[in-house]
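Descriptive structure summary
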Amino acid sequence: MSKMGTLLSVENLWISYGAVEALRGVNLELGSGDIVAVLGANGAGKTTLLKAISGLLKIKQGQIFLEGNDLSRFLPFELVGLGISHVPEGRKVFATLTVEENLALGAYGVRNLPAGRDVGIRRDWVFELFTILKERRKQLAGTLSGGEQQMLAIGRGLISRPRLLLMDEPSLGLAPRIVQDIFRVIRQIHQEDQVSILLVEQNARKALAVSRYAYILETGDISIQGEARKLKDDERVRSAYLGGSGVK
Ligand code: ATP
């Protein structure tokens, strides 16, 4: 992991859903202050990887470490306290709660984050990142547009001051202008908050532009990995992920 200290380390990870082996011996590393992308086609196992890191799936074989801590020794809600925050696919916000209430839930159960003032500071910072959320702070999340819901899901993930942010397809199904906005914020949170980011994306071009390193998952295996700027010129990556109709 070059000069950076290792923050996340996934070692020989196997996950299965019954007979379906979704991950087959995945190895991955992410340094402190790093942005790493995981690319791959539908069904390659990207969401499974993020869910496993969040402690939501039973590990069949292998281990996941955050700064040397074996994550299997913690319950999913304890992982937020350790500094892991997950922005799930499909912007799962609480539709019947307001924007502010959704954001407050991002701090729920985080022991090291004194309630009140600190949560307020984090929330104000999220409002700076996404000014539209500030305008809509009293509005029910279910009435927001898809892009605004994605912003809210990201904002909620940031309230707990994570060290590692897991982002699952943040640009999926959004208009190009909103996608630009989301990627601007990914850069900004990395720079301003020193958050390390593991970014799952189908938009390979954008993901490679924003990350330092990337892994390509193919049916549960890492098939290609390398520096993002080198992968952009890799013939295998270009033909499968950057040139074809599958890339937006
Ligand atoms: P997508 O981009 O479509 O979300 P993905 O790369 O995130 O794809 P996963 O959702 O991780 O892929 O799925 C990996 C494999 O595991 C696929 O073959 C999928 O059909 C299977 N799978 C995922 N969730 C389940 C489940 N709950 N039960 C059974 N099989 C599942």
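Residues numbered from 1 in each chain as written. Predicted model: local features only at pLDDT ≥ 70, side-chain atom pairs only at ≥ 80, totals over all residues. Heavy atoms only, no water.

Notes on the overall build of the protein chain
Heads up, the condition is: Helix and strand definitions follow DSSP, with helices as H or I runs of at least four residues and strands as E runs of at least two, each counted in order from the N terminus. For the radius of gyration, the atoms used are the C-alpha atoms, and the globule rule reads 2.2 Å times the number of residues raised to 0.38. Only protein chains enter the accessibility calculation, which uses a 1.4 Å probe. A residue is then buried if its area is under 20% of the maximum for its type, exposed if over 50%, and partly exposed in between.
A tally of helices and strands in the protein chain yields 10 helices and 10 strands. Since a compact globule built from 248 residues should have a radius of gyration of about 18 Å, the 17 Å found for the protein chain is in line with a globular shape. Across its three principal directions, the C-alpha atoms of the protein chain cover 45 × 40 × 40 Å. Looking at the protein chain as a whole, 49% of its 248 residues qualify as buried.

Considerations on the site of the ligand
Applicable threshold: Any residue with a heavy atom lying within 4 Å of a molecule or strand is counted as near it. The definition of a polar contact used here is a pair of N or O atoms within 3.5 Å, where within protein one atom must be able to donate a hydrogen and the other to accept one, and adjacent residues in sequence count solely through side-chain atom pairs. Reported accessibility uses the Shrake-Rupley method at a 1.4 Å probe radius. Residues are deemed covered only where the shown protein chains occlude them.
Surveying the vicinity of the ligand reveals 13 residues, the closest of which are G43, G45, K46, T47 and T48. Here G45 contributes a backbone N or O atom positioned 2.9 Å from an oxygen atom of the ligand. With respect to the ligand, the side chain of E89 contributes an N or O atom lying 3.4 Å from an oxygen atom. Relative to its free-state accessible area of 630 Å², the ligand is covered by the protein chains to the extent of 60%. For the shell around the ligand, the leading source of residues is helix 1 (residues 46-53), giving three residues.

Let's talk about unusual backbone geometry
A positive phi angle is found at E67, which is not glycine, with a value near 45°. Structurally, E67 is set in the loop between strand 4 (61-66) and strand 5 (69-70). In this structure, T219 takes a positive phi of about 35° despite not being glycine. Tracing the sequence through the fold places T219 in the loop between strand 9 (213-218) and strand 10 (221-227).

Overview of helix 10 (residues 235-242)
We count it as follows: Throughout, the arc means that of the directions going from the helix axis to the C-beta atoms. Between two residues, a contact is recorded if the distance between any of their heavy atoms is within 4.5 Å.
Among the residues of helix 10, V237, Y241 and L242 are the ones counted as buried. Taken down its axis, helix 10 places every buried residue within 70° of arc, on the same side. Tucked inside the fold, the buried residues of helix 10 contact helix 8 (204-210), strand 9, strand 10 and helix 9 (228-231).

Describing the sheet that holds strand 9
What counts here: Strands were regarded as paired on the criterion that DSSP finds at least two bridges between them. Axes, fitted as lines to C-alpha atoms, cover a helix only where it is in contact. Angles between the N-to-C directions of the axes lie from 0 to 180 degrees.
The strand order across the open sheet formed by six strands is 6-7-8-3-9-10, and the pairing between neighbours is mixed. Two strands bound the open sheet, and with one partner strand each, they are strand 6 (84-87) and strand 10. Pairs of neighbouring strands in the sheet enclose a mean axial angle of 15°, with direction left out of account. Relative to strand 8 (residues 196-201), strand 7 (residues 164-168) is paired through five bridges, and the arrangement is parallel. Paired with L164 across the strands is S196, a residue of strand 8. Of the strands in this sheet, strand 6 and strand 7 touch helix 6 (residues 146-159), which is tilted by about 170° from strand 6.

Topic: helix 7 (residues 176-193)
Residue pairs three or four apart in sequence face the same way in an α-helix, which turns once every 3.6 residues. Condition: Expected helix span is computed as 1.5 Å times (number of residues minus one).
The end-to-end C-alpha distance of helix 7 is 25 Å, a good match for the 26 Å that 18 residues give at a rise of 1.5 Å each. Buried within helix 7 we find I178, V179, I182, F183, V185, I186, Q188, I189 and D193. After helix 7 finishes, the residue Q194 shows a positive phi value of roughly 50°.

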